[in-house]
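Coordinate analysis (summary)
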Amino acid sequence: MTVLKPILVGTAFALAACGATPDLYPVTPPQVEQKQRIAFRAVEVRDVSLPAYAGANEIAIEDLDGKLVTDSAILWADSPERAVALELTRNLARLTGARVASEPWPFEAFPDARLEVRFESLIAGANGQFRASGQFFVGVPDGGRERSGLFELAVPFDPLGGPQAIAAARGQVILDLAVYIARNGLR
């Protein structure tokens, strides 16, 4: 069955390519069920840096040989860097109750902390794992304790579910990242 998964995923991508206009897939945010106290009242999500394949409009999947497969007819509905930054911002705001906004900071009063996230990987694997890894940095303008940390997260998804399953998995892994950063970088 594991040999069939990459073939079926490839077939799903090929069938979607038959249309003249590309199919666009949004990421529906998962419900935020928990709350996390943090040390800051206001946090700016300053920069989210994605690898080239994850920042492209085409939805990529890694096959069992490690090759990234894309199709120009299967696209993210929004620019991935912008979308991931907004997903992270929304999730942090809901988790923490703090005032959280993406760069550029829209308020007159400056934020208490600034967050940068640099992804090393953000990819759906043919093995049914959507993986995210990288590093986060929390800058504190008033001279407080600055923080950084590494993250490596994965959520399962159904490779036969096509782009919708990949989009749902990306939404979940960004929520998991928000929880991780709130607990390990913003407390």
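This write-up is about the structure you can find in this document. (Residues numbered from 1 in each chain as written. Predicted model: local features only at pLDDT ≥ 70, side-chain atom pairs only at ≥ 80, totals over all residues. Heavy atoms only, no water.)

**Some details on the overall build of the protein chain**
Helix and strand counts for the protein chain stand at four helices and nine strands. Its helices and strands in sequence order give the protein chain the pattern α-β-β-α-β-β-β-α-β-β-β-β-α, from N to C terminus. For the protein chain, buried positions account for 47% of its 187 residues. At a minimum sequence separation of 6, the contacts of the protein chain that also span at least 24 residues come to 70%. Carbon together with sulfur atoms contributes 51% to the accessible area of the protein chain, which is approximately 9600 Å² in total. (Helix = DSSP H or I, 4+ residues; strand = E, 2+ residues; numbered from the N terminus. Buried < 20%, exposed > 50% of the residue type's maximum accessible area, 1.4 Å probe, protein only. Contact = heavy atoms within 4.5 Å. Areas by Shrake-Rupley, 256 points an atom, 1.4 Å probe, with all protein chains shown as cover.)

**Observations regarding unusual backbone geometry**
With an omega of 0 degrees, the peptide bond running from Glu103 to Pro104 counts as cis. Secondary-structure assignment places Pro104 in the loop between strand 6 (99-102) and strand 7 (113-125).

**Regarding the nonpolar core**
Judged by nonpolar contacts, the single largest core of 49 residues is most densely connected at Leu88, Leu92, Leu115, Val117, Phe119, Leu122 and Phe130. Counting only elements with at least two residues in this core, the list comes to strand 2 (42-49), strand 5 (74-76), helix 3 (80-96), strand 7, strand 8 (129-139), strand 9 (147-156) and helix 4 (162-184). The biggest single contributor to this core is helix 4, with twelve residues. In this view, Phe130 contacts Leu122, Ile123, Ala124, Leu153, Ala154, Val155, Phe157, Ile166, Ala169, Arg170 and Val173; residues no more than four positions away in its chain are not counted. (Core = buried A, V, L, I, M, F, W, Y, C linked by side-chain atoms within 4.5 Å.)

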